[in-house]
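Listed below are the residues making up each chain.
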Amino acid sequence: MRDIVKEIESKFSNHDDLFIEEELVGKTTIYFIGFNTLVDLTKSKLYVQQMAASSSSVKALFINLSDQVGVDIEQILKAILEGKLVIVSKGDAENAIVDPIAQNLNRSIEEPKNESPIQASINAFGDDITINVGLIRKRLSTERLCHCSYQVGELDKRRLSMLYIKGRAPNILIEKANQQLKQIKSDIETIDDLNKQFGQRILSPVSHLSPTELPIQAIHSLKKNRIVLFMDNYPFALVFPNLIWDMFSTENDRNFPFVLTFMLRLFRVIGAVATVVLPALYVALVSVNPGIFRTDLALFVAKSREGIPLSAFLETILMVVIVDLILEAINRLPKSVGPSITMVGGIILGQAMVEAKLVSNLLVIVITAVVIASSAVVGIQNSLYIRLLKYPILVLASFFGILGVWTGFILTVIYLASLTSDDIPYLTFNIKQEGDTK
Amino acid sequence: MRNNKLFKLLIVFMSTILLCGCWDIKDINKRSIPLVMGISKEDDEEYKLTLQIPIPKNDDQISRIVTGRGETVASVLGQIRTNSEDAVDFSQIRLIVIQKNLAKNPQELRDLIKFLMGSEDIPSRALVALTDDDVENVLSNINDKLGVHASSIYDYFNKGAGWVPEIFSITIWEVYRSLYSYTKDIAVPVVRSGKDTVLKFKGAAILKKGKIIETISPDECQLVNVFRNNNEKGRIESLGFASIIVTNSSIKNKTSMKNNKPTVSSNLRLKIYILERKEGITNKRIRKELEKLTEKRFYRLLKRTQGSQTDIFGFGQQFHQQISYHELKDWRNDYYPKLKVNFQVHANME
Amino acid sequence: MTQRIQIVIVFILIQLSIGYLVYPDLIYVLTKTAHWELVMCQGFLQLILIWIYIKGLNYFPENDVIDIYLKMGRWVAIIFLIPFVINLIALVAFNIRLHTEVIISVFLPRTPYWSILILLYFISVYTSIKGLGTILRSSVFIFLIVIPLVVFNIFSSVINFDIHNVTPGWELPARFLLKNKFFYLLGFSSFLFLGFMASKTKLSFRQLFVAWVSVTLFFLSVVYIPLFIFGQEAVVTLTNPFLEAMDSVDISWFSFNRQTMFFGLSLVGLVIVANSVMLWMIGQIMRKIFKFRKVKSSYWIIAFSVISFVLAFLVPNQSLVEKCFLWSTGAQAYSMIIIPFTIFIYGFIEKRRVKA
């Protein structure tokens, strides 16, 4: 039976970072077992020795150190993989799983990288799930904040946490989400893997989850009767369900007077609508329905398009694709190279295209406006899907003109209206407070 | 699996949508956009259509005149469409000049207006003007003077209250309405090609169901305008010994029916400002003189129109509530000649 | 709560959609004077029917019209509802076709009508397949976009008004009640869908009354705007008086010079909502009556929309479309009278029996 140590050794024979250290406490020899990549051995040893000094026997020491004493081999193996320190006394009399002093693998709490709050607390979520939940607990000290945690996955057991406020979030929603999270069989690697668990949406650009980096935003969502999910090693809170209003509002807007908040949100709505509609409107007005321009405007537009060989649809789709390419290229590049590419791509290319009379200068103005407008919405995932939505409308507009723009817009609205996550429609503005308070 | 099928169906549907519809695509620079249209009749047989089309080129903007002849207006339009190198888009026409000789035949004019109203291309908001001149002259004059800025011809007729109260604009739909109206006739502005300016305003022609009854002078036009509830503000009147400008005006009408005899009493209040006067002329005299002049002008015009049974002032409109609908039909013949108007002008110094 | 407001919004949208085009024409043909009395008359008749309908529906909480008819017996349901379905198919067909003609004349004069038919059918069918929730939610958004356009249209046309164009206000010829065109007019007030949506939410008459008032105001403005602009004499000669009235408006400070465009846009939004509701009703009726077949309602919707598309496609010209549309609204007027009364009477009897 003394073979636990042997067994562990053989099991992890391919793991060179496994350590098995012998140590004498009192008269008994004990073994420290763990991964030195995950456990800070020297400090942990020191800690155990200090504890040993104040304990009467080895057994008492083990009880002092941990409440997981005398567990079976399976759990020990799992604990080692999770980065725990396992202490086994010689002759296998006792064993214990101890929370060690871990190697510091996480960055400290930092500023948000993907969002830029103005006049607001700039703490952002980090990689560690406990720190993330802690960030929320610290800001929301109520006993009604509930926390369910899960370990899911096939190969790798990933830790998930679900937070909600009891009495606020609808019970049905909590139950459904709980069910769906428990049922997860496959590995959760990305948000989309998790997203699929809440019901497949074929080719939908709209996710069930809305990620946020800011604790304030997550707490606000909790208070607005929603559920917040955390994934281990993922520095975002995932708000479930994702609603359309997330695109236009952040909690930090409210640090300004109401009128300014209103203005900010209005601009975001205008930005989103403009991104979707403007390129299509350009094509529709220029090539299908110029009749609705006033005469002076019509002549002006006709003049600006004089001598351009491409048709309005072609030039627009060309420019829109190029601009989306530039936006993507900037993301891929190191920060030092990015601005120069923007310069070359945006300014020189645009200028050259106008001067070569490949596209009309009016279109360049439209496209620039669209690029700026598409960035006004909150969250990069929303900005991306808004950018995607403009293509179908553009195609419809090139066939049916203004009618195409309008039907395309209505179709988009209908599509968004048809989306639901766990029976909560995407186009609701607030979720009813339906839970019982007990 | 089922979802997948639905999805395929969706794609098929989408592609059928995209397969249809390529009929109205024509880039704006590939369209000719005529701004002014002239319609006349040659030798009482063929319609002649003249279009003024600006050609936007980058540096020097030019425009040109296109003409076509044919049996009907529609056929000429089609013919111009075929012969033009670009697609002709009539949706921007702002002014339609009709030669007076065409208006001689009321039936033809009526048909023409109906055609213009019913046509989907030509906007019914386009202004209408008559001319004694050759239509081609008027248009080439517009072309010479304005060129691509021919859209500003619209401003010629709409200078706005307070600038030139004599000129007024009539649109196609207003002419169309007057073809059917029981109680109101319409005055269409008459223009000529000017020497230095683009157009010369020559008064208005009174149209009764598509028939030109008579022509009235700009002074009388302005009086008609007052009754159409336009302001008389800005009008300059020369009385011989003084000249004044009207700074404000308002008109009130009261209607009554006695023994089937309609009566209107109208009060025109003018606020005037004296621009210049000969020495020794009192304010009172100027006022009296102005009142007399305006009243005289009005009664003369009323008498003339009552003789020809054309209700240019639209008095009949105000009897809509007093005369039953089927009797209104006979307004022009039965009631209007019997109409009594007490027209009083009150001028006040500012 | 939200759902009730959504239903009211759908009610308003459907009324506007059906009332925009042919309604003024009918009014002008029916009477030369006192148009408002006719509008009010039709409105009050509609209000009474709605009241009876809701009274009847409230006898059966948690049930919609189909459930109630199924309670009476399956054959009763088939006898009463199948003609209604056929009527709805015709109504969808001619409604879309009628709107297509106007849309073509506003936006795309050279495009053949079938392409626009396909587009409109596609959107309506898609919406109705997605179900009631989608219809209700999207109609709120369409409402928020379309109503400002409608209001803008109405108010911008004020500049062309001539108040004196209105004909005498009090001499309504009483014979209009006997003309069958008045019957058509009654068909314009489509409120039957209320009974199909009411299974979960109990409808309150008060909210519907507010909706009714706004719809009546809208009808009055639709009738009176062309009258104010053209006068009764000219209005009867026009094919689409409201369209021409919009076309006459010219706002010089605005950078687009076609008011008809806004009119056309609001028309498209309205027709999509109206038709998707009608198609959804067809799907519901067929699914509930022929339950045993295990056919999903979306298949019913697709099948019937194909039939109605063929119907809309085959009508050769606009005047025939208008006639067919009037016939189908007239036929709808029958169901509008029969369905509320049968439900009311059945509910009344049922209540008595339960008490006894």
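Rules behind the numbers
For every chain, the first residue of the written sequence is number 1, and numbering continues from 1 along that sequence. Whichever chain is written first becomes A and whichever ligand is written first becomes 1, with later ones labelled in order. This being a predicted model, a pLDDT of at least 70 is required before a residue's local features are given, and a value of 80 or more before pairs of side-chain atoms are given or counted; all residues contribute to the totals for chains, interfaces and linings. Excluding hydrogens and water, the side-chain values take into account all heavy atoms of the structure. Domains are outlined according to an automatic or database domain assignment. We call two residues in contact when some of their heavy atoms are within 4.5 Å. Put simply, buried area is how much 1.4 Å-probe accessible surface two parts lose in total, over both of them, once they are put together. Every case where a carboxyl oxygen of Asp or Glu lies within 4 Å of a side-chain nitrogen of Lys or Arg is listed as a salt bridge. By the criterion applied in these results, polar contacts are pairs of N or O atoms within 3.5 Å in which, for protein atoms, one can donate a hydrogen and the other can accept it, and in which residues neighboring in sequence qualify only through two side-chain atoms. Throughout, the ten residues Ala, Val, Leu, Ile, Met, Phe, Trp, Tyr, Cys and Pro are labelled nonpolar, Asp, Glu, Lys and Arg are labelled charged, and all others, Gly among them, are labelled polar. Per the convention used, a helix needs a DSSP run of H or I reaching at least four residues, while a strand needs a run of E reaching at least two, with both numbered from the N terminus. Exposure is judged per residue with a 1.4 Å probe applied to protein chains only, and the accessible area is read against the type maximum: over 50% gives exposed, under 20% gives buried, and values in between give partly exposed. A pair of strands is considered paired only if DSSP assigns at least 2 bridges between the two. Working convention: axes come from line fits to C-alpha atoms, limited for helices to the stretch in contact. Angles between N-to-C directions cover 0 to 180 degrees. Working definition: rings of Phe, Tyr and Trp (its six-membered ring) pair if their centres are within 6.5 Å, and the pair is stacked with planes under 30 degrees apart, edge-to-face with planes over 60 apart, and tilted otherwise. A ring is scored as having a charge over it whenever the NZ atom of a lysine or the CZ atom of an arginine sits within 6 Å of its centre and within 35 degrees of its normal. Patch construction takes residues with relative accessible area above 30% that form no salt bridge. Like charges are linked within 9 Å, and nonpolar side chains (Val, Leu, Ile, Met, Phe, Trp, Tyr) are linked within 5 Å. Each accessible area value is a Shrake-Rupley result obtained with a 1.4 Å probe; residue values ignore everything except the protein chains displayed when judging cover. Positive: Lys, Arg. Negative: Asp, Glu. His and the chain ends are not part of the count. Each charge is placed at NZ for Lys, CZ for Arg, CG for Asp and CD for Glu. Here the angle decides the label: under 35 degrees means roughly parallel, over 145 means roughly antiparallel, 65 to 115 means roughly perpendicular, and every other value means oblique.

1. Some words on the domain arrangement of chain A
All names here are of chain A.
Right, so step 1: Segmenting chain A into domains produces domain 1 (4-98), domain 2 (129-241) and domain 3 (254-421).
Right, so step 2: Measuring from the centre of the C-alpha atoms in domain 2 to the corresponding centre in domain 3 gives 34 Å.
Right, so step 3: Of the residues lining the interface, nine residues belong to domain 2; the matching set on domain 3 comes to nine residues.
Right, so step 4: Taking both sides of the interface into account, the surface hidden between domain 2 and domain 3 amounts to around 740 Å²; carbon and sulfur atoms contribute 64%.
Right, so step 5: Ranking the residues of domain 2 by area buried against domain 3 places R201, P205 and V206 at the top, with a combined share of 56%.
Right, so step 6: Scanning the region where domain 2 abuts domain 3 turns up zero salt bridges.
Right, so step 7: There are one residue pair in polar contact (both at pLDDT 80 or more) connecting domain 2 and domain 3.
Right, so step 8: Considered class by class, the residues forming the side of domain 2 that touches domain 3 number five nonpolar, three polar and one charged.

2. Focus: the domain arrangement of chain B
Residue and element names in this part refer to chain B.
Right, so step 1: According to the domain assignment, chain B contains domain 1 (28-216) and domain 2 (218-349).
Right, so step 2: Placing the centre of domain 1 and that of domain 2 at their C-alpha centroids yields a distance of 30 Å.
Right, so step 3: The interface of domain 1 with domain 2 comprises 28 residues on the first partner and 29 residues on the second.
Right, so step 4: In total, about 2,300 Å² of surface goes out of reach between domain 1 and domain 2, with carbon and sulfur atoms giving 57% of it.
Right, so step 5: Here R332 makes a salt bridge to D185, at a shortest N to O gap of 2.7 Å.
Right, so step 6: Here domain 1 is connected to domain 2 by six residue pairs in polar contact (both at pLDDT 80 or more).
Right, so step 7: Contributing elements (two or more residues each) for the side of domain 1 that touches domain 2: α6 (172-180), β8 (186-193), β9 (199-208) and β10 (211-216).
Right, so step 8: Among the elements that line the side of domain 1 that touches domain 2, the one with the most residues is β9, at six residues.

3. Digging into the pattern of salt bridges
All names here are of chain A.
Right, so step 1: Enumeration over the complete set of coordinates arrives at 31 salt bridges over all chains.
Right, so step 2: Here D324 and K390 are joined by a salt bridge, their closest N and O atoms 3.6 Å apart. Of this pair, D324 sits in helix α11 (residues 312-332) while K390 is found in helix α14 (residues 380-400), placing the two residues 66 residues apart along the sequence. Neither residue differs from the other here; D324 and K390 are each classed as buried.

4. Thoughts on the pairing of strand β13 (residues 261-277) of chain B
All names here are of chain B.
Right, so step 1: Bridging between strand β12 (residues 242-258) and β13 involves 16 bridges; their strand directions are antiparallel. Each bridged residue has a counterpart across the sheet, and for V246 the counterpart in β13 is I272.
Right, so step 2: Taken together, β12 and the strand that follows it, β13, pair antiparallel across an intervening segment of two residues, in which N259 is found at a positive phi of about 45°.
Right, so step 3: Pairing of β13 with strand β14 (residues 340-349) involves ten bridges; the strand directions are parallel.

5. Section: the sheet that holds strand β11 (residues 236-238) of chain B
Residue and element names in this part refer to chain B.
Right, so step 1: Strand order in the open sheet formed by four strands is β11-β12-β13-β14, with mixed pairing between adjacent strands. Single-partner strands in this sheet number two, and they are β11 and β14. Looking at each pair of strands side by side, their axes are set apart by 40° on average, direction ignored.
Right, so step 2: Its contacts with the sheet place helix α7 (residues 218-227) against β12, β13 and β14, and it is angled at close to 50° to β12.
Right, so step 3: Sitting on the sheet, helix α8 (residues 283-308) is in contact with β11, β12, β13 and β14, with an inclination near 155° to β14.

6. Some details on the packing of aromatic side chains
Right, so step 1: Following the criterion strictly, the structure yields 40 aromatic pairs over all chains and no others.
Right, so step 2: Three or more aromatic residues joined by ring pairs make a cluster, and in this case those are Y20, Y23, F218, F219, F242 and F263 of chain C.
Right, so step 3: Against the face of F241 of chain B rests R285 of chain B, its NZ or CZ located 4.3 Å from the ring centre.
Right, so step 4: The ring of Y335 of chain B carries K338 of chain B above its face, with NZ or CZ at 5.7 Å from the centroid.

7. Thoughts on a negative patch on the surface
Residues and elements named next belong to chain B.
Right, so step 1: Residues D43, D44, E45, E46 and E71 make up a contiguous surface patch of negative charge.
Right, so step 2: On the secondary structure map, D44 appears in the loop between β2 (36-42) and β3 (46-55).
Right, so step 3: Judged by its relative accessible area of 60%, D44 falls in the exposed class.

8. Looking at the interface of chain C and chain B
Right, so step 1: Taken residue by residue, the interface counts 40 residues in chain C and 32 residues in chain B.
Right, so step 2: Regarding the contact of chain C and chain B, the summed buried area is about 3,500 Å², with carbon and sulfur atoms giving 57% of it.
Right, so step 3: Between D247 of chain C and R125 of chain B there is a salt bridge, with its nearest N and O atoms 3.0 Å apart.
Right, so step 4: The tally of links between chain C and chain B comes to six residue pairs in polar contact (both at pLDDT 80 or more).
Right, so step 5: If you list the elements that add at least two residues to the side of chain C that touches chain B, you get α6 (113-130), α10 (205-230), α11 (232-235), α12 (241-247) and α14 (297-314) of chain C.
Right, so step 6: Taken together, the residues of the side of chain C that touches chain B sort by class into 17 nonpolar, 13 polar and ten charged.

9. Considerations on the pairing of β2 of chain B
Residue and element names in this part refer to chain B.
Right, so step 1: Among the seven residues of β2, six are classified as buried, and the element is accordingly described as predominantly covered.
Right, so step 2: When β2 meets strand β6 (residues 95-99), the two strands line up parallel, connected through four bridges. Each residue of the ladder has a partner; that of I39, found in β6, is I98.
Right, so step 3: The sheet contact formed by β2 and β3 spans seven bridges and is antiparallel. Along β3, the bridge assignment pairs M37 with L51.

10. Here we look at a positive patch on the surface
All names here are of chain C.
Right, so step 1: Taken together, K55, K351, R352 and K355 make up a surface patch of like positive charges.
Right, so step 2: The greatest single-element share of the positive patch, amounting to three residues, is contributed by helix α15 (residues 318-355).
Right, so step 3: Of note, K351 is situated in helix α15.

11. Notes on the packing of helix α15 (residues 402-418) of chain A against α6 of chain C
Right, so step 1: It is the contact of α15 of chain A with α6 of chain C, at a shortest axis distance of 10 Å, that shows an interaxial angle of 10°. Compared by their axis directions, α15 of chain A and α6 of chain C come out roughly parallel. Together, L403, T407, L411, I414, Y415 and S418 of chain A of α15 of chain A and I116, L119, F122, I123, Y126, T127 and K130 of chain C of α6 of chain C make up the contact between the two elements.
Right, so step 2: In terms of residue class, the contact of α15 of chain A with α6 of chain C is made up of nine nonpolar, three polar and one charged.

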